[in-house]
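# Tertiary structure, described
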Amino acid sequence: MTNRPTEENSSRRSFLRATGAVGLGVAALGATGVTEASADDLGGAPADARPATGTRPPVRTGTGLDRLPHPLVVGHRGASGYRPEHTLGSYELALELGADVIEQDLVPTRDGHLVVRHENNIAETTDVADHPEFAARKATKTVDGVALTGWFTEDFTLAELCTLRAKERLPQQRQRNTLYDGRWPIPTFREVTDFAARRSRTLGRDVWLYVETKHPSYFRSIGLPLEERLADELRRAGLAGRQGRAILQSFEPSSLQRLAALVGNPRIQLLGGATTRPYDFVLAGDPRTVADLVKPDGLRWMAGFAHGLGPTTELIIPTDPATGRLTRPTTLVADAHRAGLLLHPYTVRNENSFLPADFRRGTDPAAYGDAIGWARRLYELGVDGFFTDNSDTTVLARGDFWASQGVG
């Protein structure tokens, strides 16, 4: 791969040393026998210098997706393996570690602003429980058919949410990340689009966003619809349209269909477990499950409003429930490509507890396994990219994959 200019390499090494990311990258590489990695190895080449193909020509979507590297590295909620998720610090590190795209989950405030959180229940991702002034806001709500107790963004104004600070969502698996608890506030989506514009200028390449509408039917039912607000923000930031540097995603097909009528951005249909149903299907009485949607008829239907799929990796290569080991791959990759759909599965993480048993190392669930080997396996299966909590190890896996294909 092409190296960055010397002065950028120097700046990047300084950043990685300051954040501790070099050490994290080396720890992740230890499972494959590599004992040392340079800052250049961790990040790879700029997006415009990376190869555009892997084992096959990518599906052409007629959108800005066609300009992105293939296969793609999506920073899942930023670099959430190393920083509390959905913070500007997490997004910054994901880009420095080589992510092509950074992901946001959107939920609304009571006064209609879009903020970035994994869920509207912020009990696990903020310090709200430490604020006695908000103790009375604790509530139990039913969201998508599930009763949840906590504090919910739709019960707070933006000004109130701005008094909170983010914290690590998985402190048992990622104790080191708790070092950064309280460092960053909850970002608004507008702040993230402004951040992406600034970083596009300083990095010399477009920073893409991968934006999910969370629980869209629920929020529409309480008078806080997401799609129109998201479309307005994309237009304001100059990110709307087929070339708009923002990919839109949702677990609910009706949300993507609404977005298709509002803005021309590329769209990805997220898919959960095979026996699950999108919640808008539940509300509409549609009996189809995800297992039905990944059949040829379902794929053709989704291709009518989406450019790709974001399936769980279990839909591509299942694991044995008894052993956790990988079984035979399904035909989803070939079937989706035949229908003209890209595949961006989720989520690759370094820790043993998140890896198939084939790639675990030792018995500590929080220890790193062979995440590079697992990522490389997914690339070999023909996916077009995937969501990762650890962009650096995924970039290395992609480099290995490209080298194995004689690309680079």
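Residues numbered from 1 in each chain as written. Predicted model: local features only at pLDDT ≥ 70, side-chain atom pairs only at ≥ 80, totals over all residues. Heavy atoms only, no water.

What follows is about the pairing of strand 9 (residues 308–311). Burial along strand 9 is two-sided: the face carrying Gly308 and Gly310 and the face carrying Leu309 and Pro311 are both buried. Bridge count between strand 8 (residues 267–271) and strand 9: four bridges; the pairing is parallel. Paired with Ile268 across the two strands is Gly308, which belongs to strand 9. The sheet contact formed by strand 9 and strand 10 (residues 342–343) spans two bridges and is parallel. In the strand pairing of strand 10, Leu309 is matched with Leu343. Once the chain exits strand 9 it traverses helix 13 (residues 332–338) before rejoining the sheet at strand 10, and the crossover so formed is right-handed. (Buried < 20%, exposed > 50% of the residue type's maximum accessible area, 1.4 Å probe, protein only. Helix = DSSP H or I, 4+ residues; strand = E, 2+ residues; numbered from the N terminus. Pairing = 2+ DSSP bridges. Right-handed = clockwise from strand over helix to strand, strands pointing away.)

Burial along strand 1 (residues 72–75) is two-sided: the residues Leu72 and Val74 and Val73 and Gly75 are all buried. Relative to strand 11 (residues 385–388), strand 1 runs parallel, the two being bridged by four bridges. In the strand pairing of strand 11, Val74 is matched with Phe387. When strand 1 meets strand 2 (residues 101–108), the two strands line up parallel, connected through two bridges. Counterpart to Val74 in the pairing with strand 2 is Val101.

With that settled, the discussion passes to the nonpolar core. Residues Phe189, Leu230 and Leu332 are the most contacted members of the largest nonpolar core, which totals 82 residues. Per-element accounting of this core gives the leading share, six residues, to helix 14 (residues 371–380). Setting aside anything within four residues of it in sequence, one finds Phe189 in contact with Gln104, Leu106, Leu114, Val115, Val116, Leu209, Val211, Leu230, Glu233 and Leu234. Counting residues in each nonpolar core, the second largest holds 12 residues, with Val59, Tyr210, Ile268 and Phe387 among its members. (Core = buried A, V, L, I, M, F, W, Y, C linked by side-chain atoms within 4.5 Å. Contact = heavy atoms within 4.5 Å.)

This part takes up the environment of Leu271. Positionally, Leu271 belongs in strand 8. Spatially, the C-alpha atom of Leu271 lies 6.5 Å from that of Thr312, the residues being 41 residues apart in sequence. With near-sequence residues (within four places) excluded, Leu271 lies in contact with Phe251, Val290, Leu293, Val294, Met302, Leu309, Gly310, Pro311, Thr312, Leu315 and Tyr346.

Applying the stated criterion across every chain yields a total of 27 salt bridges. As a salt-bridge pair, Arg220 and Glu227 come within 2.8 Å of each other at their nearest N and O atoms. According to the relative accessible area criterion, Arg220 is partly exposed, its value standing at 28%. (Salt bridge = Lys/Arg side-chain N within 4 Å of Asp/Glu carboxyl O.)

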